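Analysis of the macromolecular model
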Amino acid sequence: MNNEQIPRAWKKNILNGLSYDTPIYRIFSCRRFEQMMSTNELVLVNPEKWDDPFENFYLKVNAFMGEEKVSLESLRKGWFGQCWTLNEDTDAMWRIYSPEKDGVRLKTTTGKLFRAIIDQQGILADFGSFIGTVEYLSKEELQNYHKQTFSETLTNGGLASMLLRKRTAFLHEAEVRVLASLSSEYLFEYEDGLYQVKIDFEDIFDEICLDPRLEKESFEKLKSKLEEKTNIPIIQSDLYKFDFEPIRFDIEVSEDER
């Protein structure tokens, strides 16, 4: 691919210090994972469906142009995102995102994931595709940012940067977020708030890692089942496995103490 063929998004829209080859991870429930394998689709979700109500508060507030109140509904409904993480293996992430103890963690890179979004977006990619690490800000920092006018916000990284900010309470997530926006004429197709992105499952993922809490028999059974459908390496997280040497006490005991 020569420079003329490289989308502007590929060079400009990877935000907040990510590089193309940065490994990133996401934990799916077993049901969601199997669904993705069968459809070859990643699903990005409209911010209105995100769990933390503060994540998209910028798009929920009243907005004014001069003295006139304006609606941000089309902006609100036109954005979609999916959350990944820089954390390879943490207790918190498995417990939060795999409550049934059957989760599947996928590994990819920033570049591979973003390439899928760019390909899906087509001619909209330059202005509607972004990926970046989330910035974690205090309540005061968020309030100060919010004091900027909307036009200033647009010149400081655009609406994508607004969706790459969270409260410090979520710092443990080390989140990477991939974002896509659509213009209003396309939104009728995604009224359910879900944006399906076509992927090549075998190409985009580098590793499949199964829940560390699976019993050995359950792990082997699930691994065998998945190996019939994919050639991607399958492992089990060793987060809770410890192979300590036995403790030995070299204490001489006298005849009188025996």
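As shown above, the structure is provided for reference.
What this report covers is the structure whose coordinates are included nearby. All values reported here derive from a predicted model rather than from experimental measurement.

**A short note on the environment of Gln196**
- Mapping Gln196 onto the fold places it in strand S12 (residues 194–198).
- The spacing of Gln196 and Leu42 is 154 residues in sequence and 5.8 Å in space, taken between C-alpha atoms.
- Contact partners of Gln196, with chain neighbours within four places excluded, come to Glu41, Leu42, Val43, Gln120 and Tyr190.

**Observations concerning the layout of surface pockets**
- When its volume is computed, the largest pocket comes out at roughly 1,200 Å³.
- Residue lining of the largest pocket: 45 residues in total, with Arg26, Ile27, Val45, Gln82 and Tyr97 positioned closest to the centre.
- Of all elements in the fold, only strand S2 (23–28), helix H2 (30–39), strand S3 (41–45), strand S6 (79–85), helix H4 (91–97), strand S11 (175–181) and S12 reach the threshold of two or more residues within the lining of the largest pocket.
- Across the lining of the largest pocket, the residue classes break down as 17 nonpolar, 10 polar and 18 charged.

**Considering a negative patch on the surface**
- On the surface, a cluster of negative charge is contributed by Glu88, Asp238, Asp243 and Glu245.
- Among the residues examined, Asp243 registers a relative accessible area of 77% and is labelled exposed.

**A few points about helix H5 (residues 110–121)**
- Between its first and last C-alpha atoms H5 spans 17 Å; for 12 residues at 1.5 Å apiece the expected length is 16 Å, and the two agree.
- Residues Thr110, Gly111, Leu113, Phe114, Ala116, Ile117, Ile118 and Gln121 constitute the buried set of H5.
- One or two residues past the end of H5 sits Gly122, with phi positive at roughly 60 degrees.

**Section: the packing of aromatic side chains**
- Applying the stated rule across the entire model yields 6 aromatic pairs.
- Between Phe80 and Tyr195, the ring centres sit 5.4 Å apart and the planes meet at 40 degrees, which makes this aromatic pair tilted. In this pair, Phe80 sits in strand S6 while Tyr195 sits in strand S12, placing the two residues 115 residues apart along the sequence. By the burial criterion, Phe80 is buried, and Tyr195 matches it.
- Here the aromatic residues Phe28, Phe33, Trp84, Phe201 and Phe205 are joined through ring pairs into a cluster of three or more.
- Of note, Arg26 hangs over the ring of Phe28, and the distance from its end group to the ring centre comes to 4.8 Å.

**Describing helix H11 (residues 216–227)**
- Look at H11: 16 Å from first C-alpha to last across 12 residues, which is about the 16 Å you get at 1.5 Å a residue.
- Buried residues of H11: Phe219, Leu222 and Leu226, and no others. All buried residues of H11 project into a common sector of 75 degrees when viewed along the axis, lining one side. Turned more than 90 degrees away from the buried face of H11, the exposed residues are Lys216, Glu217 and Lys221.
- Summarising the contacts, the buried residues of H11 are in contact with H2, strand S13 (207–210) and strand S14 (234–236).

**Thoughts on the pattern of salt bridges**
- On inspection of all chains with the given rule, the structure shows 12 salt bridges.
- In this structure, the salt-bridge partner of Glu41 is Lys198, at a minimum N-O distance of 3.2 Å. One end of the pair, Glu41, is in strand S3; the other, Lys198, is in strand S12, with 157 residues separating them in the sequence.
- What makes Glu41 partly exposed here is its relative accessible area of 21%.
- Here Asp206 and Lys112 are joined by a salt bridge, their closest N and O atoms 2.5 Å apart.

**Quick look at the environment of Glu202**
- Along the chain, Glu202 falls in helix H10 (residues 201–204).
- Residues Glu202 and Asn40, spaced 162 residues apart in sequence, show a C-alpha to C-alpha distance of 9.5 Å.
- Aside from chain neighbours lying at most four places away, what touches Glu202 is Lys229, Thr230, Asn231 and Ile232.
- Only 3.2 Å separates the side chain of Glu202 from the backbone nitrogen of Asn231, close enough to count as a polar contact.

**Some points on the pairing of S3**
- Of the two faces of S3, the one holding Leu42 and Leu44 is buried and the one holding Glu41, Val43 and Val45 is not buried anywhere.
- One ladder, built from 5 bridges, connects S3 with S12; its direction is antiparallel. Directly across from Glu41, in S12, lies its bridge partner Lys198.

Parameters and conventions
- Residues numbered from 1 in each chain as written.
- Predicted model: local features only at pLDDT ≥ 70, side-chain atom pairs only at ≥ 80, totals over all residues.
- Heavy atoms only, no water.
- Helix = DSSP H or I, 4+ residues; strand = E, 2+ residues; numbered from the N terminus.
- Contact = heavy atoms within 4.5 Å.
- 1 Å grid on protein atoms, 1.4 Å probe; cavity = no way out; pocket = protein on both sides within 12 Å on 5 of 7 lines; lining within 4 Å.
- Points joined across faces, edges and corners; volume = space filled by probe spheres on them.
- Nonpolar A, V, L, I, M, F, W, Y, C, P; charged D, E, K, R; others polar.
- Patch = residues over 30% accessible without salt bridge, like charges linked within 9 Å, V, L, I, M, F, W, Y side chains within 5 Å.
- Areas by Shrake-Rupley, 256 points an atom, 1.4 Å probe, with all protein chains shown as cover.
- Salt bridge = Lys/Arg side-chain N within 4 Å of Asp/Glu carboxyl O.
- Lys, Arg positive; Asp, Glu negative; His and termini not counted.
- Charge placed at Lys NZ, Arg CZ, Asp CG, Glu CD.
- Buried < 20%, exposed > 50% of the residue type's maximum accessible area, 1.4 Å probe, protein only.
- Expected span 1.5 Å × (residues − 1).
- Phe/Tyr/Trp six-rings, centres within 6.5 Å; stacked < 30°, edge-to-face > 60°.
- Lys NZ or Arg CZ within 6 Å of the ring centre and 35° of its normal.
- Arc of directions from axis to C-beta.
- Polar contact = N/O pair within 3.5 Å; in protein donor to acceptor, adjacent residues only side chain to side chain.
- Pairing = 2+ DSSP bridges.

So yeah, pure geometry; function would need other evidence.
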